[in-house]
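# Analysis of the macromolecular model
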Amino acid sequence: MRAPTDEIFVETRKDAYRAVALVQGALRDVASEAFDRRLAVGTIHVARVARLVPQLGAILDLEGGARALMDVPGRAPEQGALLRVQIVEPPFGEKLAKASRNLAIAGRFCVLTPGGKGGAISKRLVGPKREALGEMAARLVQEGEGLNLRLAAAYVAAERVEAELAKLRATAASLAGELGGHPRMLLADDPFAALLRTLAPQDTPAIFCDTAEALRAAREGLAELFPDVAGFVARVADPKLFERYGVGDILASAEATRVDLAGGAWLAIEPTAALVAIDVNQGNSRQSPVEINVAAAREIGRQLRLRDLGGLVAVDFLRMAKPGERTRTLEAAKHATQSDRRRVDVLGFTPGGVVEMTRARARGGLVD
């Protein structure tokens, strides 16, 4: 299990909160949440089908003129039809946000999927608690629904999980009514609560804010997610927060194109519109290529999470000659991304010797 978050620093931007999570002064995670929740991941809408585009899907009209794209794997809906959908990927560059008709209602301890099937548990949970949580999921799930228990569920009493699940089921029931006659937003996360679920799902860290409004939102969010914990602190309203606590310097070093590895090797990370290109360079390191590649794979897993880079990732590792060294590098990459809050697939080496990976896009990180 990862080390608990010590501190979260929150910066209020023009259109979003951006938060930085630290563990013993070291950067562990970064996330942002927009104030406008229409295209935030997890938001549920009644949407109207604006038009159908062959090989692309359905363009949806949302509340307030927003638009999203929905895949149509089966029978296509009629133009003008109203649908209940959920945002599953935010907009990226010129690409529309993506929506799905498969709904998932998220809490701190569990995720309920109406119309789903079976119980599951977080892939990040390892050790003896995994079996117990699997048994809990199997016991709690009901006919006609899917249930995924999150990592945080393993560290609280079963009663807390059951109480939250009851609220999620009530929410699902409230969404199942008539669609009405126009696009509208049915359910949206509070931006601060969404930040806390991302950065501190099982911790109660000290939270530092740059404005009085953010401080109030932090206290409300903490009280919602951690009602059983006394003594947590939402501190100060300081407009020079990042400068005063050195957070700006920590972020600047993490945003650089070049990332140095121990021993003299380094990475070059270049996000583009089509993909994220990462080059592994030997520099003045005296380590073997496979040793550098394994270290690089570990750092790449961390950098993808910190920068919240998504889509296709192409990694040009150092060339390796001995049998088994490619496998060792791939295993290091898979292990480094195993605890990522987004889904990461390590696809393997291409014929040209580049490792392809994919990472789901969701909330913003350093690049926002």
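The paragraphs below set out a description of the structure included in this document. If you're wondering where the values come from, they're calculated on a predicted model, not measured in any experiment.

Turning to the environment of Glu 145, a few remarks are in order. Note that Glu 145 resides in strand E12 (residues 145-149). For the pair Glu 145 and Leu 112, spaced 33 residues apart in sequence, the C-alpha to C-alpha distance is 7.1 Å. Excluding residues that lie within four positions of it along the chain, Glu 145 makes contacts with Leu 112, Thr 113, Gly 115, Gly 116, Lys 117, Gly 118, Leu 140 and Arg 169. At 2.9 Å, the side chain of Glu 145 and the backbone nitrogen of Gln 142 are in polar contact.

Here we come to the sheet that holds strand E20 (residues 344-349). As summarised here, the arrangement of the six strands in space is E16-E17-E18-E19-E21-E20, forming an open sheet in which the pairing is mixed. Of all the strands in the sheet, the pair left with one neighbour each is strand E16 (258-260) and E20. Sheet twist, expressed as the average angle between the axes of neighbouring strands with direction ignored, equals 20°. As defined by bridge partners, strand E17 (residues 266-271) adjoins strand E18 (residues 276-281) across six bridges and the pair is classed as antiparallel. By the bridge assignment, Ala 268 is partnered in E18 with Asp 279. The strands that helix H8 (residues 325-337) touches are E20 and strand E21 (355-359); relative to E20, the one it contacts most, it runs at about 170°.

Bringing the side chain of Asn 281 into the picture now. Examined against the element boundaries, Asn 281 turns out to sit in strand E18. A distance of 3.4 Å separates the side chain of Asn 281 from the backbone oxygen of Asp 279, its partner in a polar contact. In this view, Asn 281 contacts Ala 265, Trp 266, Ala 268 and Leu 318; residues no more than four positions away in its chain are not counted.

Our focus in this paragraph is the packing of aromatic side chains. For the coordinates displayed, the defined rule picks out three aromatic pairs. Taking the centre distance of 4.7 Å and the plane angle of 10° together, the rings of Phe 9 and Phe 208 count as stacked. Of this pair, Phe 9 sits in strand E1 (residues 7-12) while Phe 208 sits in strand E14 (residues 206-209), and the two are 199 residues apart along the sequence. The burial state of Phe 9 is the same as that of Phe 208; both residues are buried.

Right, let's talk about the sheet that holds E12 for a bit. What the four strands build is an open sheet, ordered E9-E10-E12-E11; its pairing is mixed. The open sheet has two edge strands, strand E9 (105-106) and strand E11 (118-121), and neither has a second partner. Pairing geometry for E9 and strand E10 (residues 110-114), over two bridges, is antiparallel. Each residue of the ladder has a partner; that of Ala 106, found in E10, is Val 111. Running at roughly 30° to E10, helix H2 (residues 158-175) makes contact with E9, E10 and E12 of the sheet.

With that settled, the discussion passes to the nonpolar core. Leu 267, Ile 278, Val 280, Val 315, Phe 317 and Met 357 are the most contacted members of the largest nonpolar core, which has 28 residues in total. With seven residues, helix H7 (residues 289-307) is the single largest residue contributor to this core. Apart from residues no more than four positions distant in its own chain, Ile 278 is found in contact with Ala 268, Ile 269, Ile 300, Leu 304, Val 313, Ala 314, Val 315 and Asp 316.

Criteria and cut-off values
- Residues numbered from 1 in each chain as written.
- Predicted model: local features only at pLDDT ≥ 70, side-chain atom pairs only at ≥ 80, totals over all residues.
- Heavy atoms only, no water.
- Helix = DSSP H or I, 4+ residues; strand = E, 2+ residues; numbered from the N terminus.
- Contact = heavy atoms within 4.5 Å.
- Polar contact = N/O pair within 3.5 Å; in protein donor to acceptor, adjacent residues only side chain to side chain.
- Pairing = 2+ DSSP bridges.
- Axes fitted to C-alpha atoms, helices over the stretch in contact; angles between N-to-C directions.
- Phe/Tyr/Trp six-rings, centres within 6.5 Å; stacked < 30°, edge-to-face > 60°.
- Buried < 20%, exposed > 50% of the residue type's maximum accessible area, 1.4 Å probe, protein only.
- Core = buried A, V, L, I, M, F, W, Y, C linked by side-chain atoms within 4.5 Å.

Structural measurements only, silent on function.
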